[in-house]
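Listed below are the residues making up each chain.
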Amino acid sequence: SQNRAIAGFSVGGGQTLNIGLTNTDKFAYVCAYAPYPETEEFRKNFSNYAPDAEKMNKQLKLFTLSVGTEDFLFESVKKNIAMFKEKGLKPVSYIVDGGHTWMNCKQYLATTLPQLFK
C-alpha cells in the first residue's frame, strides 16, 4: 500500500475518493481532480463519514483535492475539502484558475505526480 496511488478526474475523481478513502490500507496516495460527488455511492460513503482520522493521516502520504475556480464543481469541491478537514483528515487543496477542462487536469497532474512515491 505504501507504493500504490489512485487518481482521477471528474467522475473518476469521485471514484478516486470512494475507492481511495475507503481503502487507505491499500492506497497511500489519493489525488482527486475536480471530483464529481453527486453519486449514490459518494453519498453512502461520506454522508455519515466518521473516519479514524489519526490512523488515516498516518496511512495517507498524500491526499489532494484539486479544482478550478470556474469549474462547475468548484463549490462542491470546496464543501468537500471543508468536510474532510472537519472530520480530521488533512487534504491538500490545489485551487487554480479555469474550468472543468483537460488543461486544468494536466495542471493537477503536473502538481501531484512529482510528489508520488517519495
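Report on the accompanying structure.

Here's the deal with the sheet that holds strand β1 (residues 5-9)
Read from one edge to the other, the open sheet built from four strands follows the order β1-β2-β3-β4, with strand pairing classed as parallel. Each edge of the open sheet is held by one strand with a lone partner, namely β1 and β4 (92-96). Neighbour-to-neighbour, the strand axes of the sheet open up by a mean angle of 10 degrees, direction not taken into account. Across five bridges, the pairing between strand β3 (residues 62-68) and β4 is parallel. Following the sheet pairing, S66 is matched in β4 by Y94. Contacts between helix α1 (residues 11-20) and the sheet are confined to β1, β2 (29-33) and β3, with β1 contributing the most and set at about 150 degrees to the helix. Against the sheet, helix α5 (residues 102-112) engages β1, β2, β3 and β4, with an angle of about 155 degrees to β3.

Focus: the side chain of S66
Inspection of the secondary structure puts S66 in strand β3. Excluding anything up to four places from it in sequence, S66 contacts A32, Y33, A34, P35, V77, Y94 and Y108.

Things to note about the side chain of D71
Inspection of the secondary structure assignment puts D71 in the loop between β3 and α4 (74-86). Engagement of the side chain of D71 in a polar contact is seen with the side chain of H100, the distance being 2.8 Å. Not counting the four nearest positions on each side in its chain, D71 is found in contact with A34, G98, G99 and H100.

Definitions and cut-offs
Residues numbered from 1 in each chain as written. Predicted model: local features only at pLDDT ≥ 70, side-chain atom pairs only at ≥ 80, totals over all residues. Heavy atoms only, no water. Pairing = 2+ DSSP bridges. Helix = DSSP H or I, 4+ residues; strand = E, 2+ residues; numbered from the N terminus. Axes fitted to C-alpha atoms, helices over the stretch in contact; angles between N-to-C directions. Contact = heavy atoms within 4.5 Å. Polar contact = N/O pair within 3.5 Å; in protein donor to acceptor, adjacent residues only side chain to side chain.

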